Amino acid sequence: MPTVQSNAEMQKCAENIIAYFAHVLPDAVQNMVIPRFVACDYETKTLELAYETKPWMRNPANILHGGLAAMMLDNTMGILSHCFVHGAGITPTITMEIAYLLPVPIGTELHVRARATHTGRAINNLMAEAWAAETPGKLALTASGAFYAAGAETTGNLAITAPDVFHGTAAEKPQ
């Protein structure tokens, strides 16, 4: 049984994960890029987030650094993966493959849409595609990944073990 059962629950799950990591890991790179919820669809198992590309994210060619682009894809797929786990906890990336199709100019908003193609007891498989907001019909990046979904995990000193960690309100989040 997936954690979420509706669009509203999926949106709440995604927004709570973003808020939780911003609170617990404020200086971590996924919070420095400040993901913004755009849309989700429970029936198609999709989640769309947007990321503003800033000057500190550029590579020597003055476009979005490939590693940061990968992190944005991974972050979006990981958040969606968590919404479909059968327990509480993060879903670490097992493997991810990325295609860099077009450069992403600095100063644009990058939209990433992830889709869960399989949500299982142990492994979730996802795909993602990304585009600059200014050119919605032109894919800049695509990715596919597998995420470990089997229960609660520990990352560094952050143990995520209770369902209300991500699915409660901001006030319920541990200090």
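Being a predicted model, the structure only gives us computed values, none of them experimental.

Definitions and cut-offs
- Residues numbered from 1 in each chain as written.
- Predicted model: local features only at pLDDT ≥ 70, side-chain atom pairs only at ≥ 80, totals over all residues.
- Heavy atoms only, no water.
- Helix = DSSP H or I, 4+ residues; strand = E, 2+ residues; numbered from the N terminus.
- Buried < 20%, exposed > 50% of the residue type's maximum accessible area, 1.4 Å probe, protein only.
- Contact = heavy atoms within 4.5 Å.
- Areas by Shrake-Rupley, 256 points an atom, 1.4 Å probe, with all protein chains shown as cover.
- 1 Å grid on protein atoms, 1.4 Å probe; cavity = no way out; pocket = protein on both sides within 12 Å on 5 of 7 lines; lining within 4 Å.
- Points joined across faces, edges and corners; volume = space filled by probe spheres on them.
- Nonpolar A, V, L, I, M, F, W, Y, C, P; charged D, E, K, R; others polar.
- Polar contact = N/O pair within 3.5 Å; in protein donor to acceptor, adjacent residues only side chain to side chain.
- Pairing = 2+ DSSP bridges.
- Patch = residues over 30% accessible without salt bridge, like charges linked within 9 Å, V, L, I, M, F, W, Y side chains within 5 Å.
- Salt bridge = Lys/Arg side-chain N within 4 Å of Asp/Glu carboxyl O.
- pLDDT = per-residue confidence, 0-100.
- Expected span 1.5 Å × (residues − 1).

1. Here we look at the overall build of the chain
When helices and strands are counted, the chain shows four helices and eight strands. Taken from the N to the C terminus, the helices and strands of the chain come in the order α-α-β-β-α-β-β-β-β-β-β-α. By the burial criterion, 44% of the 175 residues in the chain qualify as buried. Considering only contacts within the chain whose residues lie at least 6 apart along the sequence, 69% involve residues at least 24 apart. As presented, the chain carries roughly 8400 Å² of accessible surface, and 56% of it is formed by carbon and sulfur atoms.

2. Let's talk about empty space enclosed by the protein
Taken as a whole and assessed by the stated rule, the structure comprises one cavity of 30 Å³ or more. As for the largest cavity, its lining consists of Ile17, Ile18, Phe21, Gln30, Asn31, Pro35, Asn75 and Ile79. Every element with two or more residues in the lining of the largest cavity is listed here: helix H1 (7-24), helix H2 (29-32) and helix H3 (66-83). Here the element with the most residues in the lining of the largest cavity is H1; it accounts for three residues. Classifying every residue of the lining of the largest cavity by side-chain character gives five nonpolar, three polar and no charged.

3. Points about the side chain of Thr53
Looking at where Thr53 falls in the secondary structure, it is placed in the loop between strand S2 (46-52) and H3. Among the residues examined, Thr53 registers a relative accessible area of 3% and is labelled buried. At 3.2 Å, the side chain of Thr53 forms a polar contact with the backbone oxygen of Pro105. From its side chain, Thr53 meets the backbone oxygen of Thr108 in a polar contact 2.7 Å long. In this view, Thr53 contacts Leu64, Val104, Pro105, Ile106, Gly107, Thr108 and Leu110; residues no more than four positions away in its chain are not counted.

4. Brief notes about the pairing of strand S6 (residues 141-148)
As paired strands, strand S3 (residues 93-100) and S6 are joined by seven bridges and run antiparallel to one another. Residue pairing in the sheet places Met96 in a bridge with Gly145 of S6. One ladder, built from eight bridges, connects strand S5 (residues 123-132) with S6; its direction is antiparallel. In the sheet register, Met127 faces S6, and the bridge partner there is Ser144.

5. Digging into the environment of Ala122
Position of Ala122 among the secondary structure elements: in the loop between strand S4 (109-119) and S5. Sequence separation between Ala122 and Thr91 is 31 residues; the distance between their C-alpha atoms is 9.6 Å.

6. Let's talk about a nonpolar patch on the surface
On the surface, a nonpolar cluster with roughly 260 Å² of combined accessible area is contributed by Val29, Met32 and Trp56. Locating Trp56 in the fold gives a position in the loop between S2 and H3.

7. Looking at the confidence of the model for the chain
Overall, the predicted model of the chain reaches an average pLDDT of 85, with 82% of residues at or above 70. A low-confidence stretch, residues 152-175 (pLDDT under 50), is modelled with 52 contacts involving residues beyond four sequence positions or located in other chains.

8. Some thoughts on H1
Note: α-helices contain 3.6 residues per turn, so residues at a spacing of three or four share the same orientation. Between the first and last C-alpha of H1 there are 26 Å, a value that for 18 residues agrees with the 26 Å anticipated at 1.5 Å per step. The complete set of buried residues in H1 reads Met10, Cys13, Ala14, Asn16, Ile17, Ile18, Tyr20 and Phe21.

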